[in-house]
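Each chain, letter by letter, is given below.
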Amino acid sequence: MSTRLPDTYFDEIYAGDDDPWQLSTRWYEQRKYGITLAMLPNPRYRHAFEPGCSIGTLTELLAQRCDHVTAVDVAEAALRGAGMRLRQAGCRDRVTLSRASVDAAWPAGPFDLLVLSEVAYYLEADHLAQVLERECARLQPDANVVAAHWRHPVADYPLSGDAAHEVIAATPGLTALGRYRDRDVVVEVFDTGDGRSVAAREDVPGAR
Ligand SMILES: C[S@@+](CC[C@H](N)C(=O)[O-])C[C@H]1O[C@@H](n2cnc3c(N)ncnc32)[C@H](O)[C@@H]1O
């Protein structure tokens, strides 16, 4: 039995369209990126890992918050688009791009931020759980994980967005920090540390 949607599924999608989800033009996506980035507890990160980067729309924004971003995708066409976008944005030298699947061994990092944006639901639940248990254990202590997924059903996908988030939230070592959810999207943030709030970390009076 296959454990994830095949790479050819995505190659075919990109063969007909450079930006099949209209990531670079839709207000829905810009707003979702705004929510995702606003939920990150830290102002800056040293090294983020973003599997399923597509044409680099979120990657470009992550590069503004991170010293370095390592981003992978299974589709060569998407990676070509990401390379062009990041060159135009002037941050290509701070982003490592390569062709890989989220279920392969992750690059060495070490990563203090993991971004799972619209990619977890391409894996079967058991497989996703195994990958996250194996790889999240290698994240930095006090790393953050942010996940964002579409909530409406998509017949081809092994998991719904909500089901993918249940698997992510059950990953050993992750502590939930916050969640945004509307009818379209769920965005959640976790840490691999003590789960203290942003205000508590900054000693804002009254925060525990
Ligand atoms: C909907 S796009 C998401 C793009 C971006 N993460 C965002 O949120 O805007 C999904 C991307 O995931 C890629 N993808 C699908 N399965 C993958 C896998 N197993 N590993 C890595 N990337 C994958 C697809 O090729 C596609 O570019």
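Quantities reported herein were computed from a predicted structural model and do not represent experimental measurements.

Here the focus is unusual backbone geometry. Most peptide bonds adopt trans geometry, and most residues besides glycine take a negative phi value. Here the amide bond leading from Gly109 into Pro110 is cis, since omega sits at -5 degrees, within 30 degrees of zero. Here Pro110 lies in the loop between β3 (95-99) and β4 (113-117). Unusually for a residue other than glycine, Gln22 sits at a positive phi of about 55 degrees. When its relative accessible area of 34% is taken as the criterion, Gln22 is described as partly exposed. Positive phi, normally seen in glycine, also occurs at Asp203, with a value near 55 degrees. Mapped onto the elements, Asp203 comes out in the segment after α7 (198-201). The exposure class assigned to Asp203 is exposed, which follows from its relative accessible area of 63%.

As a further point, take the packing of helix α3 (residues 57-65) against helix α4 (residues 76-89). At their nearest, the axes of α3 and α4 sit 9 Å apart, and the two run at 35 degrees to each other. For the pair α3 and α4, the crossing hand works out as right-handed. Here α3 contributes Thr57, Thr59 and Glu60 to the contact with α4, which in turn contributes Arg85, Leu86 and Ala89. Here the contact of α3 with α4 is built from residues that sort into two nonpolar, two polar and two charged.

Not every one of the 20 residues close to the ligand is listed here, only the nearest: Tyr14, Tyr33, Gly52, Asp73 and Ser117. With respect to the ligand, the side chain of Asp73 contributes an N or O atom lying 2.6 Å from an oxygen atom. With the chains in place, 99% of the 600 Å² that the ligand exposes on its own is no longer accessible. Among the cavities detected, the one that contains the ligand is the largest pocket. Of all the secondary-structure elements, those providing two or more residues to the shell around the ligand are α1 (7-15) and α2 (27-38). Residue composition of the shell around the ligand, by class: 11 nonpolar, four polar and five charged.

The mixed open sheet is built from seven strands, whose spatial order is β3-β2-β1-β4-β5-β7-β6. The sheet is open, and its two borders are formed by β3 and β6 (175-181), each paired with just one other strand. Averaged over all pairs of adjacent strands, the angle between strand axes in this sheet comes to 15 degrees, irrespective of strand direction. Sheet topology places strand β2 (residues 66-73) next to β3; five bridges connect them, and they run parallel. Looking at the pairing, Val72 lines up with Ser98 of β3.

Further remarks concern the packing of aromatic side chains. What the rule picks out here adds up to nine aromatic pairs. Relative to Phe10, the ring of Tyr9 has its centre 5.0 Å away and its plane inclined at 75 degrees; by these criteria the two rings are edge-to-face. A relative accessible area of 7% places Phe10 in the buried class. Consider the rings of Phe49 and Trp106, whose centres lie 5.2 Å apart with planes at 50 degrees: the pair is tilted. Taken together, the positions of Phe49 in strand β1 (residues 45-51) and Trp106 in the loop between β3 and β4 put the pair 57 residues apart, joining distant regions of the chain. Given the relative accessible area of 1%, Phe49 is considered buried.

About the criteria used
- Residues numbered from 1 in each chain as written.
- Predicted model: local features only at pLDDT ≥ 70, side-chain atom pairs only at ≥ 80, totals over all residues.
- Heavy atoms only, no water.
- Helix = DSSP H or I, 4+ residues; strand = E, 2+ residues; numbered from the N terminus.
- Buried < 20%, exposed > 50% of the residue type's maximum accessible area, 1.4 Å probe, protein only.
- Axes fitted to C-alpha atoms, helices over the stretch in contact; angles between N-to-C directions.
- Left-handed = near helix turned anticlockwise from the far one by under 90°.
- Contact = heavy atoms within 4.5 Å.
- Nonpolar A, V, L, I, M, F, W, Y, C, P; charged D, E, K, R; others polar.
- Near = heavy atom within 4 Å.
- Polar contact = N/O pair within 3.5 Å; in protein donor to acceptor, adjacent residues only side chain to side chain.
- Areas by Shrake-Rupley, 256 points an atom, 1.4 Å probe, with all protein chains shown as cover.
- 1 Å grid on protein atoms, 1.4 Å probe; cavity = no way out; pocket = protein on both sides within 12 Å on 5 of 7 lines; lining within 4 Å.
- Sits in = over half its atoms within 2 Å of the grid points.
- Pairing = 2+ DSSP bridges.
- Phe/Tyr/Trp six-rings, centres within 6.5 Å; stacked < 30°, edge-to-face > 60°.

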